[in-house]
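# Secondary and tertiary structure notes
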Amino acid sequence: MSPSTITLLFLLFAVVMFVLEKIPLGVTSMIVCIGLVVTGVLDVKTAFVGFIDSNVILFVAMFIVGGALFETGMANKIGGIVTKFAKTERMLIVAIMVIVGLMSGVLSNTGTAAVLIPVVIGIAAKSGYKRSRLLMPLVFAAAMGGNLSLIGAPGNLIAQSALEELGLGFGFFEYAIVGLPILIVGILFYATIGYKLLPSHDVQDDGAFDTQKDFSDVPVWKQWLSLVILVFTLLAMIFEDKIGIKLCISGGIGALLLILTGVISEKDALKSIDLKTIFLFGGTLSLASALQSTGAGELIAGKVIGALGENPSPYILTLVVFLLCCIMTNFMSNTATTALMVPICLSIAQGMGADPRAVLMACVIGGSCAYATPIGMPANTMVVGAGGYKFMDYVKSGFPLIIIATVVSMIILPIAFPFFP
């Protein structure tokens with residue numbers, strides 16, 4: 001069998017096992033990772049490079065920063081303040097989604113989610129609402145917020161660099177023409193109909209996010225220092241380009257400072273790291289690598305677009321590009337999906353004499369719709385353990401959001417970015 005065929009079989013296996021969940025998600029990821037090595041599709045170094053991916057390092061660092069916020073009781077204190085203003089669960093969901101959505105418009109959506117996950121768990125503990133109902137809206141809002149500006153998500157810049165080679169480009173907030181309506185409709189959806197679709201799980205505290213502790217004996221300086229370091233870590237992430245320090249390094253510095261100052265012990269820091277997340281994310285990155293390196297991802301894209309014939313309707317092509325990116329991004333990273341699809345979409349647009357900006361906007365927005373699986377984007381993976389989520393929780397809660405994003409995009413895209421201006 002060819003490497004691309006083997007990769008597609010492993011993709012099918014992963015999808016089936018993720019849906020059925022007969023074995024833990026992290027174990028499925030590792031079967032795929034090791035299977036790709038055993039079958040010779042990937043070498044050992046390529047297969048396991050996901051475990052030193054910058055997002056994995058960011059996860060580990062932010063689990064420790066978040067853990068310190070819990071160990072000192074500061075997360076609960078912040079939660080108490082927020083719950084005074086948001087009187088109902090619906091109001092909390094709206095408040096969380098607005099804050100996260102706007103922040104991830106100018107920040108990394110992964111970084112935004114990483115910083116706010118412990119705060120939201122603290123809010124859940126203080127308010128008495130289930131954290132599983134608050135964390136999923138948080139990560140969905142982080143993904144939607146990534147479409148508010150040019151720097152909101154890596155895929156946005158991939159499309160920009162491809163356009164710049166043609167002397168074209170998007171303005172800083174041009175993505176928001178489509179992204180902002182999706183965010184607004186998405187928030188309204190989870191405040192109304194979608195509210196009933198959010199998972200309701202009783203999560204047993206395993207020590208990583210213990211919200212039932214008595215924090216009265218924790219020195220006040222430890223509480224405030226945990227918050228100060230979190231804020232400085234967040235500021236370093238906001239000004240990543242200005243200071244030249246990557247997100248994962250800023251997170252690592254914050255985590256080290258918390259341990260060195262004694263705010264959190266080494267034992268508690270290690271306990272706060274969710275290994276299920278690390279194995280799930282690190283393992284599935286090998287599948288994303290295989291889809292790219294073997295050409296299996298390109299094969300899928302080429303077959304689907306080729307089926308439309310030589311002169312497809314611009315509207316149908318936009319819809320197909322959008323949906324194809326939606327599907328692929330739920331099993332590959334949105335960055336990998338965009339990187340794979342941008343050159344294909346660009347050549348199609350040029351072949352038809354269409355405005356490449358119209359096709360690439362559909363590609364980028366579709367590539368951000370990673371709502372229906374726990375592996376679609378790093379933020380989804382980060383809350384699997386904390387929310388006690390199963391694979392189908394993401395499908396039930398996230399799939400309607402993909403439909404919403406598709407409908408909103410198909411109304412706005414032809415008007416704002418016509419194929420033949």
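Right above here is the structure, for reference.
As a starting point, this report considers the structure included with it. (Residues numbered from 1 in each chain as written. Predicted model: local features only at pLDDT ≥ 70, side-chain atom pairs only at ≥ 80, totals over all residues. Heavy atoms only, no water.)

## Details of the nonpolar core
In globular proteins that are soluble, nonpolar side chains generally tend to be buried together. Residues Leu138, Val321 and Met341 are the most contacted members of the largest nonpolar core, which totals 142 residues. Top element by residues in this core is helix H4 (residues 54-71). It accounts for 11 residues. Aside from chain neighbours lying at most four places away, what touches Val321 is Ile305, Cys345, Val359, Ala362 and Cys363. (Core = buried A, V, L, I, M, F, W, Y, C linked by side-chain atoms within 4.5 Å. Buried < 20%, exposed > 50% of the residue type's maximum accessible area, 1.4 Å probe, protein only. Helix = DSSP H or I, 4+ residues; strand = E, 2+ residues; numbered from the N terminus. Contact = heavy atoms within 4.5 Å.)

## Focus on a nonpolar patch on the surface
Where nonpolar side chains cluster on the molecular surface, the patch consists of Val228, Val231, Phe232, Leu235, Ile238, Phe239 and Ile243 and spans about 600 Å² of accessible area. A total of five residues in the nonpolar patch trace back to one element, the largest contributor, which is helix H11 (residues 220-238). Its location among the elements puts Val228 in helix H11. Looking at Val228, the relative accessible area reads 35%, which means it is partly exposed. (Patch = residues over 30% accessible without salt bridge, like charges linked within 9 Å, V, L, I, M, F, W, Y side chains within 5 Å. Areas by Shrake-Rupley, 256 points an atom, 1.4 Å probe, with all protein chains shown as cover. Salt bridge = Lys/Arg side-chain N within 4 Å of Asp/Glu carboxyl O.)

## Regarding empty space enclosed by the protein
Applying the stated criterion across every chain, the model contains three cavities of 30 Å³ or more. Space inside the largest cavity adds up to approximately 80 Å³. Considering the residues around the largest cavity, the lining is formed by Phe281, Thr284, Leu285, Ala288, Phe331, Met332, Ser333, Ile375, Gly376, Met377 and Pro378. If you tally residues by element for the lining of the largest cavity, the top one is helix H15 (residues 275-293), at four residues. For the lining of the largest cavity, a count of residues per class yields eight nonpolar, three polar and no charged. When its volume is computed, the second largest cavity comes out at roughly 50 Å³. Lining the second largest cavity are Asn147, Ala153, Gly155, Asn156, Asn334, Thr335, Thr338, Val364, Gly367 and Ser368. Counting residues per element, the ones that place at least two in the lining of the second largest cavity are helix H9 (154-164), helix H18 (334-352) and helix H19 (356-367). (1 Å grid on protein atoms, 1.4 Å probe; cavity = no way out; pocket = protein on both sides within 12 Å on 5 of 7 lines; lining within 4 Å. Points joined across faces, edges and corners; volume = space filled by probe spheres on them. Nonpolar A, V, L, I, M, F, W, Y, C, P; charged D, E, K, R; others polar.)

## A word on the packing of aromatic side chains
Counted by the stated rule, this structure contains nine aromatic pairs. Consider the rings of Phe51 and Phe279, whose centres lie 6.1 Å apart with planes at 65°: the pair is edge-to-face. Residue Phe51 is found in the loop between helix H3 (44-48) and H4, and its partner Phe279 is found in helix H15; the two are separated by 228 residues along the sequence. Among the residues examined, Phe279 registers a relative accessible area of 39% and is labelled partly exposed. Ring plane angle 75° and centroid distance 5.6 Å describe the contact between Tyr389 and Tyr394, whose orientation is recorded as edge-to-face. Each member of the pair, Tyr389 as well as Tyr394, is classed as buried. Here the aromatic residues Phe140, Phe189, Tyr190 and Tyr371 are joined through ring pairs into a cluster of three or more. Positioned above the aromatic ring of Tyr195, the side-chain terminus of Arg90 is 3.9 Å from the ring centre. Positioned above the aromatic ring of Tyr195, the side-chain terminus of Arg133 is 4.7 Å from the ring centre. (Phe/Tyr/Trp six-rings, centres within 6.5 Å; stacked < 30°, edge-to-face > 60°. Lys NZ or Arg CZ within 6 Å of the ring centre and 35° of its normal.)

## A short note on the environment of Ile365
Relative to the assigned elements, Ile365 resides in helix H19. Along the sequence, Ile365 and Ile273 sit 92 residues apart, while their C-alpha atoms lie 32 Å from each other. Not counting chain neighbours up to four residues away, the residues in contact with Ile365 comprise Asn147, Tyr175, Val178, Ile182, Phe322 and Ser409.

## Some remarks on the packing of helix H2 (residues 25-38) against H15
In the contact formed by H2 and H15, the axes pass within 8 Å of each other and the chain directions differ by 35°. Of the two elements, H2 crosses H15, and the hand of that crossing is left-handed. Contacts between H2 and H15 involve Leu25, Gly26, Ser29, Met30, Val32, Cys33 and Leu36 on the former and, on the latter, Phe279, Leu280, Gly283, Thr284, Ser286, Leu287 and Ala290. Split into classes, the residues belonging to the contact of H2 with H15 amount to nine nonpolar, five polar and no charged. (Axes fitted to C-alpha atoms, helices over the stretch in contact; angles between N-to-C directions. Left-handed = near helix turned anticlockwise from the far one by under 90°.)

## A look at the pattern of salt bridges
By the definition in use, this model includes five salt bridges. For the salt bridge of Asp202 with Lys130, the shortest nitrogen-to-oxygen distance reads 3.5 Å. With Asp202 in the loop between helix H10 (176-191) and H11 and Lys130 in the loop between helix H7 (109-127) and helix H8 (132-145), this residue pair connects regions lying 72 residues apart in the sequence. Classification of Lys130 by relative accessible area gives partly exposed; the value is 31%.

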